[in-house]
Amino acid sequence: MKYTGILLALFLGASECMDAQDTWSLTRCIDYAVTHNLTVKKREAACEQSEVSLSTARSSRLPDLNAGVNHSFNFGRSLQNDNTYKRLNTQNTGLNLSTNIPLFTGLRTVNQIALSKLDLKAAVADLESAKEDLSIQVASSYLELLFKMELSEVAHRQVELSKEMLLQKQAFYEMGKASKAEWLEAKARVAQDELSAVQSDNGCQMATLDLTQLLELATPEEFLIERPSDDILLDSITLVPPAEIYAEALWIKPSVKAAQYRLDGAAKNIRIAKSAYFPQLSLGAGLSTNYYNVSGRENGNFGSQLKDNFSQFIGITLSVPIFNRLATRNQVRSAKIKQVTLNWELEESKKVLYKEIQQAYYNALNAGSQYRSSCLADEAAQESFALVKEKYQNGKATASEYNESRTGWMKAVSDRIQAKYDYLFRTKILDFYRGVPLTLGD
């Protein structure tokens, strides 16, 4: 009952109650959903992972630095300088510090960095695509709630109209101008309309629940959305042809961008695989020292041995691949096959985009025709009901004729409201393909 009271306050224009409530615009709903949606968060984590991979690729150009310490104990017989064996216990401590600098890796590092950059761009595009998909879902649920709200408003107006006719029939019955059957029929009509109003409120409540769940809100209680202003002129909308929309969408849609980035990355993958054909050149350097102790003999102290045994080295290593069981050749072939696959995926994404735009255009075109037809049908049904209502009040029309006329008008109103929001949604989707944000003037 609390929810119904809120709906009535909204529908009947209780502005004071509306001002006291925190209402949600379509823009606010989309922003909130994008911030809290778990799918979007996973895409954000994928972007962060790609950033880490790029950092790793860049760092591979840097020299490494490794330090080592070892200590060993040796027991038992060992060969001496005089070619005899003697039982000795020895200890050995070693310290070392080394570095290796890659000088030439067959351009593998350069291409790996370029590939990581493209992977990051593709991950960002995937994130934007997820946000777009979520925005469309939110807009659809938002407009569905607006549709349910208007239907509920109509249902409550019908209850008031039925109550008005019941009062008239009751007065006629008391004056003997109407039969008891007519009075009971009017009374039954009020009960039926009240049931329809309750069902409309329930539909509104379920639409609210769907939207709040999409927004990841804990509860639909106290949740109210903004209704668009009445100055949204649907009749003045001009639809842009699909080819023009596609030409614009091709450069801005993240799904196409992601496919293009991955195709560009495939070329880098081929170069990375081919880098194994080239010699690898690296520069190495290091420092080392050790301490040696033999039990039963006089040994130098620890510090002097470390100083006396201190040594340094520097060297260049060249590795020339000769034959690795065709592993490199097969890696290159696999990279080329992947490039072909990604090329077809790009073409498929473009075709899917164009088909979606075509479908959205003709859906909007049909929705516009239905909206204009429903407006004419609503006007005609309303005028017809007004005439029948006047006849019914003057006793020149039966209750069946009155109810039939009113039912026809209510269906026309419902069809008009549904056509209005369907047309509005379809046109917003077309604009969205062109990069226009989903808003209702908020």
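Small disclaimer: the values here were computed from a predicted structure and weren't measured.

Caption draft 1: Structural view of the packing of aromatic side chains. Counted by the stated rule, this structure contains 9 aromatic pairs. Here the aromatic rings of Trp24 and Phe223 are separated by 5.4 Å at their centres, their planes lie at 45°, and the arrangement is tilted. Highlighted residues: Trp24 in strand β1 (residues 23-24) and Phe223 in the loop between α6 (180-214) and β6 (224-225), separated in sequence by 199 residues. This pair shows no difference in class: Trp24 is buried, exactly as Phe223 is. The interplanar angle of 45° and the centroid separation of 5.5 Å between the aromatic rings of Phe385 and Tyr402 together place this pair among those described as tilted. Of this pair, Phe385 sits in helix α10 (residues 327-393) while Tyr402 sits in helix α11 (residues 399-433), placing them 17 residues apart in sequence. Tyr402 matches Phe385 in its accessibility class, with the two residues each being buried. Through pairs of rings, three or more aromatic residues link up here, namely Trp24, Tyr32 and Phe223. Seen from the ring of Trp24, Arg28 lies directly overhead, with NZ or CZ sitting 3.8 Å from the centre.

Caption draft 2: Representation of the packing of helix α7 (residues 242-252) against α10 within the structure. Where α7 meets α10, the axes come as close as 9 Å, and the angle between the chain directions of the two elements is 140°. Between α7 and α10, the crossing angle belongs to the class labelled oblique. Where α7 crosses over α10, the handedness of that crossing is right-handed. Two secondary-structure elements touch here, α7 through Pro242, Ala243, Ile245, Tyr246, Ala249 and Leu250 and α10 through Lys350, Leu353, Tyr354, Ile357, Gln358 and Tyr361. Split by residue class, the contact of α7 with α10 holds 10 nonpolar, 1 polar and 1 charged.

Caption draft 3: Structural view of the nonpolar core. Ranked by internal contacts, the top residues of the largest apolar core, which has 68 residues, are Val138, Leu215, Phe223 and Ile225. For this core, the secondary-structure elements that each account for two or more residues are α3 (26-36), α4 (38-59), α5 (108-175), α6, α7, α8 (254-274), α10 and α11. Examining the composition of this core, we find that 15 residues originate from one element, α5, more than from any other. Residues in contact with Ile225, not counting those within four places in the same chain, are Thr23, Trp24, Tyr142, Leu145, Leu146, Met149 and Leu211.

Caption draft 4: A look at the packing of α6 against α11. It is at 11 Å that the axes of α6 and α11 come closest, and there the two elements cross at 20°. Relative to α11, the element α6 is oriented roughly parallel. In this structure, the crossing between α6 and α11 has a hand that is right-handed. Contact residues: α6 offers Glu185, Arg189 and Asp193, while α11 offers Ala399, Ser400, Asn403 and Arg406. Here the contact of α6 with α11 is composed, by residue class, of 1 nonpolar, 2 polar and 4 charged.

Procedures and definitions
Residues numbered from 1 in each chain as written. Predicted model: local features only at pLDDT ≥ 70, side-chain atom pairs only at ≥ 80, totals over all residues. Heavy atoms only, no water. Phe/Tyr/Trp six-rings, centres within 6.5 Å; stacked < 30°, edge-to-face > 60°. Helix = DSSP H or I, 4+ residues; strand = E, 2+ residues; numbered from the N terminus. Buried < 20%, exposed > 50% of the residue type's maximum accessible area, 1.4 Å probe, protein only. Lys NZ or Arg CZ within 6 Å of the ring centre and 35° of its normal. Axes fitted to C-alpha atoms, helices over the stretch in contact; angles between N-to-C directions. Parallel < 35°, antiparallel > 145°, perpendicular 65-115°, else oblique. Left-handed = near helix turned anticlockwise from the far one by under 90°. Contact = heavy atoms within 4.5 Å. Nonpolar A, V, L, I, M, F, W, Y, C, P; charged D, E, K, R; others polar. Core = buried A, V, L, I, M, F, W, Y, C linked by side-chain atoms within 4.5 Å.

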